[in-house]
Amino acid sequence: EPRVATINPLGVQITVDGSQTLLEAALAQGIAFPHSCTVGTCGSCKCRLTEGRVSAITDFGYTLSRQELEAGYILACQAQVKGAITIEIENPGADLPAPEVFAGRIIRTDDLTHDIKAVTLGLDRPIDFVAGQYADITAPGLPARSYSFATAPERGGRQEISFFIRKVPGGQFTEKLFAGALAGAEVSVSGPHGTFHLRPGEAPIVCIAGGSGLAPLLSLLQHARKNRVRRRCVMLFGARTQADLYKVEQIEEIARDWLPSLRFVPVLSHEPAESGWAGLRGLVTDHIAATLPEGDRAEFQGYMCGPPGMIDAAIAELTRLGVPLPAIHYDKFTDAG
Ligand code: FES
């Protein structure tokens, strides 16, 4: 049986040979198939299998949620095609800028919490990116690390870019950074990567951030405000204690002139009982139901960044509340050292 894949909504057919992945075949045949890592970890090449069968080179379940697997989502970069298949991709040819390599220098670091720093780099030339995307940063002699842009993009590109970096005990890169040993260091920056971004439309938005996962959502909200996006928004931010909350004033400032309304809801999981914190406690995902207005939950688009456990719980909760799975977008963060 010939291996043929029909790619919707483009309506094009490609042939896939036995040694190729679905993504390789699509790219070789000139399709602008969304992708980034090509090794099954970023989720950019996620698409829905609507007919036929594929086999997985590495288990899709490492990257996709149970709900996505059940709905037929696959990773094109890890899929080998059996016979004839039909898939559906989102946002075909999405106009995300092509990645390039830049020379940069660490020009500033600011403490956000006891273990998260905002790190600002100066680049040799402006970089064009979409709010929500990330870049790979490599300091000499250290492994590359992926971090999301924490500021909004600028027309014509941005030459100063910032990231929020959490210290990982024992981590080669972050230990050096937090010890101040990388001040002024020359780094190489490759990007932008990833497909996490605000989808167009009028739909109300629910954002859920955990820990250092605030960066891409802050970028997205700043960009949306700058462009006068008028969509109702709920922003949940989960942290351990009050000392782990950061950029709260900036979020509140965005909320003040956001139309028609932005509701900001911080949730603390480990705040001491006697601290006087009057806000919500527990896991951020336990407060989604009470925060999303009943009645029009099915209208929402979800945008989430944080640790894998939080993302999985949030996807389960949002789908339970009636938010459609294709309207849920996320970026799983594992703080790498
Ligand atoms: Fe397939 Fe990253 S490109 S998971």
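Computed from a predicted model, the values in this text were never measured in an experiment. (Residues numbered from 1 in each chain as written. Predicted model: local features only at pLDDT ≥ 70, side-chain atom pairs only at ≥ 80, totals over all residues. Heavy atoms only, no water.)

Chemist: Help me out: how do you make sense of helix H4 (residues 214-226) in this one?
Modeler: Residue pairs spaced three or four apart in an α-helix point in one direction, given the helix's 3.6 residues per turn. Taking 1.5 Å per residue as the helical rise, H4 with its 13 residues ought to reach 18 Å, and the 18 Å between its terminal C-alpha atoms agrees with that figure. Among the 13 residues in H4, ten count as buried, and that is most of the element. Looking only at H4, the buried set comprises Leu214, Ala215, Pro216, Leu217, Leu218, Ser219, Leu220, Leu221, Gln222 and Ala224. At the exit of H4 stands arginine 228, carrying a positive phi of roughly 50°. (Helix = DSSP H or I, 4+ residues; strand = E, 2+ residues; numbered from the N terminus. Expected span 1.5 Å × (residues − 1). Buried < 20%, exposed > 50% of the residue type's maximum accessible area, 1.4 Å probe, protein only.)

Chemist: How do you make sense of the domain arrangement of the chain when you look at a structure like this?
Modeler: How big an interface is tends to be reported as the loss of accessible area on association of its parts. For the chain, the assigned domains read domain 1 (4-88), domain 2 (100-193) and domain 3 (205-332). For domain 1 versus domain 2, the distance between C-alpha centres works out to 31 Å. (Domains from an automatic or database assignment.)

Chemist: How should unusual backbone geometry be read in this particular structure?
Modeler: Outside of glycine, negative phi angles account for most residues, and trans bonds account for most peptide bonds. A cis geometry characterises the amide bond from asparagine 8 onward to proline 9, with omega recorded as 0°. Within the secondary structure, proline 9 sits in the loop between strand S1 (4-8) and strand S2 (12-15). For the peptide bond that leads from glycine 191 to proline 192, omega is 0°, which places it in the cis range. For proline 192, the location among the structural elements is in strand S11 (residues 186-193). Phi at threonine 38 is positive, roughly 60°, even though this residue is not glycine. The topology assignment puts threonine 38 in the loop between helix H1 (22-28) and strand S3 (46-56). Judged by its relative accessible area of 41%, threonine 38 is partly exposed. At arginine 228, a residue that is not glycine, the phi angle is positive and equals roughly 50°.

Chemist: What's the story with the nonpolar core in this structure? I'm lost.
Modeler: As a rule of thumb, nonpolar side chains are buried together in soluble globular proteins. Counting residues in hydrophobic clusters, the biggest one holds 47 residues, and the most contacted among them are Leu22, Phe33, Ile87 and Ile208. With five residues, the top contributor of residues to this core is helix H7 (residues 308-320). In this view, isoleucine 208 contacts Leu217, Leu236, Val284, Ile288, Tyr303, Met304, Cys305, Met310, Ala314 and Leu318; residues no more than four positions away in its chain are not counted. Formed by 33 residues, the second largest nonpolar core is a distinct cluster that contains Ala118, Leu214, Cys233 and Phe237. (Core = buried A, V, L, I, M, F, W, Y, C linked by side-chain atoms within 4.5 Å. Contact = heavy atoms within 4.5 Å.)

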